[in-house]
Number of protein chains: 2
Amino acid sequence: MIVLHHLEKSRSFRIVWLLEELKLNYGLDYRLHIHKRDAETFLAPGELKELHPMGKAPILSDDSLPEGNQVLAESALIIEYLLKTYDVRHLFYPTEGQAWRDYTFWLHFAEGSLMPPAVMYLILSKAAEKTPFFARFVARKIRDTVAKVILSGNIRSALDLLESSLVGREYLAGAFGGADIQMYFAVAAVQQRMGLENRPNIAAWLARCEERAGFVHAVEASGPVFG
Amino acid sequence: MIVLHHLEKSRSFRIVWLLEELKLNYGLDYRLHIHKRDAETFLAPGELKELHPMGKAPILSDDSLPEGNQVLAESALIIEYLLKTYDVRHLFYPTEGQAWRDYTFWLHFAEGSLMPPAVMYLILSKAAEKTPFFARFVARKIRDTVAKVILSGNIRSALDLLESSLVGREYLAGAFGGADIQMYFAVAAVQQRMGLENRPNIAAWLARCEERAGFVHAVEASGPVFG
């Protein structure tokens, strides 16, 4: 039995979505365990630490794995594991050539290049909000200075690259797959917090993702992607 | 011909190191192009933008790839590409079982879980330094508050996990490989900026990495790993 520990409104939505795609195509069954965020801090609850020492969702357990090694963490590993193990017709991941290079690039790019500045912006914004009144002006200035550098230097470059990579293609590696799932969450998070400006290919790709039956089922099962 | 664009004292050291390991084991040849950081901002020079739209090292080109698709970016993709293409005896990457899961976990973990808080700490420290005198106290307080949360919540958990994972093993996936290279830079960066506290398994693993001939050759070819 596969059990997914999902944190509401978090990046572990990716794994719910992938599991729903696998259920639709292979009838793969899984159990979903939804964890609530702390109402005050919005952080993950302490109980996740008991499941995996990093204490972050997603956490997946699969009792078909050897005892003592049944618990997996880290989004991209879980995606790679589920596809390697259960996507036996390779519907969602190419294994050779340019499609493999595109797939692998975006799989790493999401957490390696796009999420870090997006998360940093969010944390600085929260820090600025929580700073005592007399210091809030300075805190906002720091956030805005850092944000300006990060936005122009990294996030904008990333969105431009994505926008041009989507010219003439429906999904990141040609056919829909794990890289789209991994990137979707990062891009949608940026859209939520900062907007995408005018990038029609990205907007169309996000919409294509959201129309998929697997995506719709995942939202039904786990709630909205963002808070 | 393989050409690596390396930014001095940066994460692209990883690819120099991997190429030296491949040179030692397969006689693989490559050309190293070292780019200097901007003396004032310490950022990557603008010329990298002409090679790849993200403008960040490492950038690797390989003219054995199809024209128009010869340039690769993103550390982990480059590692995966070089191993898949040139490590034909699978010396440095396992393809099945628990070794594959360990390998893939750490490959993603380095940029997905360990580098983001480490880079954030560095950027906030620099922001605090550059803040005008009257606001510096507040800037440092923000850095320290964020750093405290990040350090206890993320970096410390990551180091604890690594420390316990290294019990009874020499390298992250058993034998030395791409995951060690990917993780080494992240862990050594944390060591440089914040220290590792008392974690003997990590210290021994770092030392084992640094003693490898490939590592030594990489430092000779590209200069010190940190500034």
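All values derive from a computational prediction rather than experimental measurement.

### Remarks on the overall build of chain A
Within chain A, the secondary structure is distributed over eight helices and four strands. The order of helices and strands in chain A, counted from the N terminus, is β-α-β-α-β-β-α-α-α-α-α-α. Against the 2.2 N^0.38 benchmark of 17 Å for 227 residues, chain A shows a C-alpha radius of gyration of 18 Å, consistent with a compact globule. C-alpha extents for chain A along the principal axes are approximately 55 × 45 × 30 Å.

### What to know about the domain arrangement of chain A
Residues and elements named next belong to chain A. Segmenting chain A into domains produces domain 1 (2-92 + 216-222) and domain 2 (97-212). On a C-alpha basis, the centres of domain 1 and domain 2 stand 22 Å from each other. Facing eleven residues of domain 1, the contacting portion of domain 2 comprises nine residues.

### Quick notes on the interface of chain A and chain B
Buried accessible area, meaning the area lost when the parts come together, often serves as the stated size of an interface. With 35 residues of chain A in contact, the opposing surface of chain B contributes 34 residues. Residue assignment for the side of chain A that touches chain B shows that the elements contributing at least two residues are α3 (75-86), α4 (97-130) and α5 (133-165) of chain A. No other element matches the 14 residues that α4(A) contributes to the side of chain A that touches chain B. Counted by class, the side of chain A that touches chain B contains 20 nonpolar, ten polar and five charged residues.

### Digging into the relation of the copies chain A and chain B
Least-squares fitting of chain A to chain B yields an RMSD of 0.0 Å, with the superposition described by an axial translation of 0.0 Å and a rotation of 180°. The transformation relating the two chain copies, once decomposed into turn and shift, fits a two-fold axis. Scanning chain A for the C-alpha nearest the rotation axis identifies Pro116(A), at a separation of 2.7 Å.

### A short note on the environment of Glu40(B)
Looking at where Glu40(B) falls in the secondary structure, it is placed in the loop between β2 (31-35) and α2 (47-51). Counting along the chain gives 177 residues from Glu40(B) to His217(B), while the straight-line C-alpha distance between them is 29 Å.

### Some thoughts on the sheet that holds strand β3 (residues 59-62) of chain A
Backbone hydrogen bonds are what pair the strands of a sheet, in a parallel or an antiparallel way. Residue and element names in this part refer to chain A. Judged by pairing direction, the sheet is mixed, and its four strands sit side by side in the order β2-β1-β3-β4 without closing on themselves. The open sheet has two edge strands with one neighbour each: β2 (31-35) and β4 (71-73). The sheet shows a mean angle of 20° between the axes of neighbouring strands, taken without regard to direction. Pairing geometry for β3 and β4, over three bridges, is antiparallel. Within the sheet, the bridge partner assigned to serine 61 lies in β4 and is valine 71.

### Remarks on the pairing of strand β1 (residues 2-7) of chain B
Residue and element names in this part refer to chain B. Bridge count for β1 against strand β3 (residues 59-62) is four bridges, and the pairing is antiparallel. By the bridge assignment for β3, valine 3 is matched with serine 61. Strand direction decides the pairing type here: β1 and β2, joined by five bridges, are parallel. Bridged to leucine 7 within β2 is histidine 35. Running through helix α1 (residues 13-26), the crossover from β1 to the neighbouring parallel element β2 is right-handed.

### Focus: helix α6 (residues 178-194) of chain B
Residue and element names in this part refer to chain B. With 17 residues, α6 extends 25 Å between its outermost C-alpha atoms, agreeing within 8% with the 24 Å of an ideal straight helix rising 1.5 Å per residue. Along its length, α6 reaches its greatest deviation from straightness, about 25°, at tyrosine 184. Among the 17 residues in α6, twelve count as buried, and that is most of the element. For α6, the complete set of buried residues consists of Gly178, Ala179, Asp180, Ile181, Gln182, Met183, Tyr184, Phe185, Ala186, Val187, Ala189 and Val190. One or two steps after α6, the chain reaches glycine 195, where phi turns positive at roughly 85°.

### A short note on unusual backbone geometry
Residue and element names in this part refer to chain A. Omega for the peptide link from alanine 57 to proline 58 comes to 0°, which places this bond in the cis form. Turning to its location among the elements, proline 58 is positioned in the loop between α2 (47-51) and β3. Of note, glutamate 74 is a non-glycine position whose phi angle comes to about 85°, a positive value. The topology assignment puts glutamate 74 in the loop between β4 and α3. For glutamate 74, a count of 24 C-beta atoms within 10 Å translates into the label buried. Unlike most non-glycine residues, glutamate 197 shows phi in positive territory, near 55°. Examined against the element boundaries, glutamate 197 turns out to sit in the loop between α6 (178-194) and α7 (200-211). In this structure glutamate 197 comes out as exposed when scored by C-beta crowding, with 11 C-beta atoms within 10 Å.

The rules behind these values
Residues numbered from 1 in each chain as written. Chains lettered and ligands numbered in written order. Predicted model: local features only at pLDDT ≥ 70, side-chain atom pairs only at ≥ 80, totals over all residues. Helix = DSSP H or I, 4+ residues; strand = E, 2+ residues; numbered from the N terminus. Rg over C-alpha atoms; globule rule 2.2 N^0.38 Å. Domains from an automatic or database assignment. Contact = placed C-beta atoms within 7 Å. Nonpolar A, V, L, I, M, F, W, Y, C, P; charged D, E, K, R; others polar. Least-squares fit on C-alpha atoms with pLDDT ≥ 70 in both. Pairing = 2+ DSSP bridges. Axes fitted to C-alpha atoms, helices over the stretch in contact; angles between N-to-C directions. Right-handed = clockwise from strand over helix to strand, strands pointing away. Expected span 1.5 Å × (residues − 1). Bend = angle between axes of the 7 residues up to and from the residue. Buried ≥ 20, exposed ≤ 12 C-beta atoms within 10 Å, placed from the backbone.

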